[in-house]
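A look at the structure
What follows is each chain in one-letter form.
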Amino acid sequence: MFGRWTAFLFGRRCKVFVINVAKYRETNLWDCTWRKHKVCNTTRVCFFSSKKFDTYSQPQWTGVDTVAEEFYRAIEDVEENKLSAKCLKRLLKRIGKEDITREYFQSNGIPLSLMVARKDCKDEQLQQNIASVLCEYKEFLSTRQNSTTGYPENNCVDRLGETPNMESTLTKACLPILANYLKDKYPKEVYAHRRILRVMDLSRPEDWYPLARSIKRKVILHIGPTNSGKTHAALEALRTAKSGIYCGPLRLLAWEIQQRLQNGDENGLPVPCDLLTGQEQVEVPNAHHVSCTVEMTPVHTRFQVGVIDEVQLLGDNERAWAWTRALLGLAVDELHLCGDPSSENIVRKLINRTQDDLDVKYYERLSSLTVEKNTLTSLHQLQAGDCLVAFSKVDLFKWKADIERETGLKCSIIYGGLPPEVRRQQSLQFNNSNMSNRILVATDAIGMGLNLNIRRVIFSSLLKFDGKETRALTPSQVRQIGGRAGRFGSLFPDGLITAVNQEDLEYIRDTFSRQLGPISQAGLFPPSDKVQLFAEEKASSHLSFSSIWDEIASLAQVDGTFFLCSFEEIKARAQVIEDLPLSIETKYTLCMCPVDIDIPKQVVAFAEFSRELAFEGCVRLGKAMSQVYPAKNWKDMNDLESTYKILDMYLWLAQRFRDAFVDIENATLVRNECCRVLQNCLNSKKLITSLDSKQTSLPKRKRRWK
């Protein structure tokens, strides 16, 4: 052994290391290793000085925590180009956990799972090859300590390039040896793994759409803030085309554009237009135009003009794949993209890949938008046309009750949990009623999809619970919501923005004074055919359907232009249905169903629909879904909203499994009734009063008013 080291073990949990400070301080790993063990509650480190020590001295660790420490142990154990199987096993286990190892093996098409084969550690040739690297590095350390002229020649540092620490150097030196050994020892496994990697190569998604690539498209990017006229310009091009398609982020927008085209322009010329959303498909006679949600974009149909709205959602963590698919896959002669300034960078990258022609048009806001100097300090400062923004349903109903009780103003209410039909009714109620006494309380659901005559947007908070944690709104979200104030050609053309808290107001002012950061990557999601091929390649592994998504996430290859969208919701749905005897294609479709996995009632319904599809082939609505009743309290409101979403889920599935989901007409009728009851409940003063009463379990909002 090299150096004078002694290790004592006191009890099961307390380790004492006796280390030569003078020599250990000279090593590359001194700082990081000392810090690591200094904070460890179960480890006490003692140091002693010694005038008598060998040229190479490193600690003999008991309880290894890093790959560097394992390398030190291996260097101490290596003798005459020999390394024990036990030492090699420990070393390979640590190397296999390093990021550099995963990257190297993936680039060379070798499965990382082969690293843990126990019998390989007994292979003498592998032991000798790894030992030779360790011996060379040990010789290098010894020579460096005795040399006054710098590094010796022809050592592993020279061959690999000097790295900032020892473990990087040795890992890089060992990886080619391990890779060549595994390729020779396990050729079948390596070949199968490389086939899987070819399936999961997502680096060129533009090639997935041959029809679009056969066209030299003209792409017009309309860049501007809210209320700048960019979408109007794109829709005028759509209206005058012989055939066309509009792709929007919400059903509300798909409905609105269909109605706008069919109602005609200023000259009264209607354009027949079909409607295509996840839950409904409406075919209009003689229609050559389609208004759809972006997830439903038909990439196998040719159109003259296409419009993709809110293209900045290319950077969304969950839904971005739909915008990427539409942008790369729409087979149109002329493609119009509408988005805020943050989208220009990523659009240029994508169009450069498709080799289409790009023309960028910039727009300024048509009316003024001003951040006020003062905060809202009293409910009596509210005026007709104001919109107070909160980020929970509880707060919305509390604000509504307080405003109506203390000011006499009437409040419309909009939040994401409401059905789209009810949100539209509430927006019409706000826009078309007597504006002298109408206020809107809403969440960020007003950010897109609704045309609202808002005079002033008032932020009650800038914190939002996103389903996992409470976080601050992004600058893009603040701009999207605040930009709804003021609408060109409306009763309130000029918009105002303020907040309840002074700190929030300063943040809003700062946000509107700066430019948005560019979106650097577009989201991707593996299509069903690739998931099916992957599952077939992995059939021998007997992976569950939810585990397949973990494997895809670890093996999918994308370049710097793209990122993989989140698989969390998909995996959660996969766990619900993975034991059912269904094909991979069917399970993939079920996992794309809009189910809120955090609401038990919806999960139970989803599981029941899937089970009946698998075992009976015929899915009917249960008796519990056949009738709806007015809400009397907070629980009833939540149940009504969940009932609507379950009916919506049924209709979504019916569009994809028409032969199995046979109660489409009944589900549609009950869903419409559910919307009617919810609309009446929101307008019921008695219900709002009960939600604000002391007897309700609804928490009271802290009052800030004097």
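The sections below set out a description of the structure shown in this document. Only a predicted model underlies this, so the values are computations on that prediction, with no experimental measurement involved. (Residues numbered from 1 in each chain as written. Predicted model: local features only at pLDDT ≥ 70, side-chain atom pairs only at ≥ 80, totals over all residues. Heavy atoms only, no water.)

**With respect to the overall build of the protein**
Counting its regular elements, the protein contains 26 helices and 21 strands. When the 706 residues of the protein are sorted by exposure, 51% land in the buried category. Partitioning the contacts of the protein with sequence separation of at least 6, the portion at a separation of at least 24 is 75%. With the model as given, the accessible surface of the protein reaches about 33,500 Å², and the carbon-plus-sulfur share is 49%. (Helix = DSSP H or I, 4+ residues; strand = E, 2+ residues; numbered from the N terminus. Buried < 20%, exposed > 50% of the residue type's maximum accessible area, 1.4 Å probe, protein only. Contact = heavy atoms within 4.5 Å. Areas by Shrake-Rupley, 256 points an atom, 1.4 Å probe, with all protein chains shown as cover.)

**Notes on the pairing of strand β15 (residues 438–442)**
Most of β15 is tucked away, with 5 of its 5 residues classed as buried. Side chains Arg438, Leu440 and Ala442 project from β15 onto one buried face, and the interleaved Ile439 and Val441 project onto a second face that is buried too. Direction of pairing for strand β14 (residues 410–414) relative to β15: parallel, over a ladder of 5 bridges. By the bridge assignment, isoleucine 414 is partnered in β15 with alanine 442. (Pairing = 2+ DSSP bridges.)

**Looking at the side chain of glutamine 480**
On the secondary structure map, glutamine 480 appears in helix α17 (residues 475–482). The residues contacting glutamine 480, other than those within four sequence positions of it, are Thr226, Glu310, Gln312, Gly447 and Met448.

**Some details on the pattern of salt bridges**
In this structure the tally under the stated criterion is 32 salt bridges. We note a salt bridge from lysine 571 to aspartate 550, for which the minimum N-O separation is 2.8 Å. Separated by 21 residues along the polypeptide, lysine 571 in helix α21 (residues 568–577) and aspartate 550 in helix α20 (residues 545–555) bring together distant segments of the chain. We classify lysine 571 as partly exposed; its relative accessible area is 26%. Look at the salt bridges and you will find they share partners, linking Arg204, Glu206, Asp207, Arg353 and Asp559 into a network. (Salt bridge = Lys/Arg side-chain N within 4 Å of Asp/Glu carboxyl O.)

**With respect to the sheet that holds strand β19 (residues 495–499)**
Here we have 6 strands laid out as an open sheet, ordered β12-β19-β16-β13-β15-β14, and parallel in their pairing. With one partner strand each, in any of the chains shown, β12 (369–371) and β14 form the two edges of the open sheet. Adjacent strand axes in the sheet meet at a mean angle of 20 degrees, parallel and antiparallel pairs treated alike. The strands touched by helix α15 (residues 393–407) within the sheet are β13 (386–389), β14 and β15, with β14 carrying the most contacts at an inclination of about 170 degrees. Relative to the sheet, helix α18 (residues 502–513) contacts β12, β16 (456–459) and β19, its axis offset from that of β19 by approximately 140 degrees. (Axes fitted to C-alpha atoms, helices over the stretch in contact; angles between N-to-C directions.)

**Describing the packing of aromatic side chains**
Each aromatic ring pair is described using two quantities: the centre-to-centre distance and the angle formed by the ring planes. Enumeration according to the criterion identifies 14 aromatic pairs in this entry. Here tyrosine 104 and phenylalanine 105 contribute two aromatic rings whose centre-to-centre distance is 6.4 Å and whose plane-to-plane angle is 55 degrees, an arrangement assigned as tilted. With relative accessibility at 27%, the residue tyrosine 104 sits in the partly exposed group. Using a relative accessible area of 1% as the deciding quantity, one classes phenylalanine 105 as buried. By the ring-pair criterion, three or more aromatic residues cluster together here, those being Trp321, Phe525, Phe545, Trp549, Phe567 and Tyr588. A cation over a ring is seen here: arginine 656 above tryptophan 652, with NZ or CZ 3.6 Å from the ring centre. (Phe/Tyr/Trp six-rings, centres within 6.5 Å; stacked < 30°, edge-to-face > 60°. Lys NZ or Arg CZ within 6 Å of the ring centre and 35° of its normal.)

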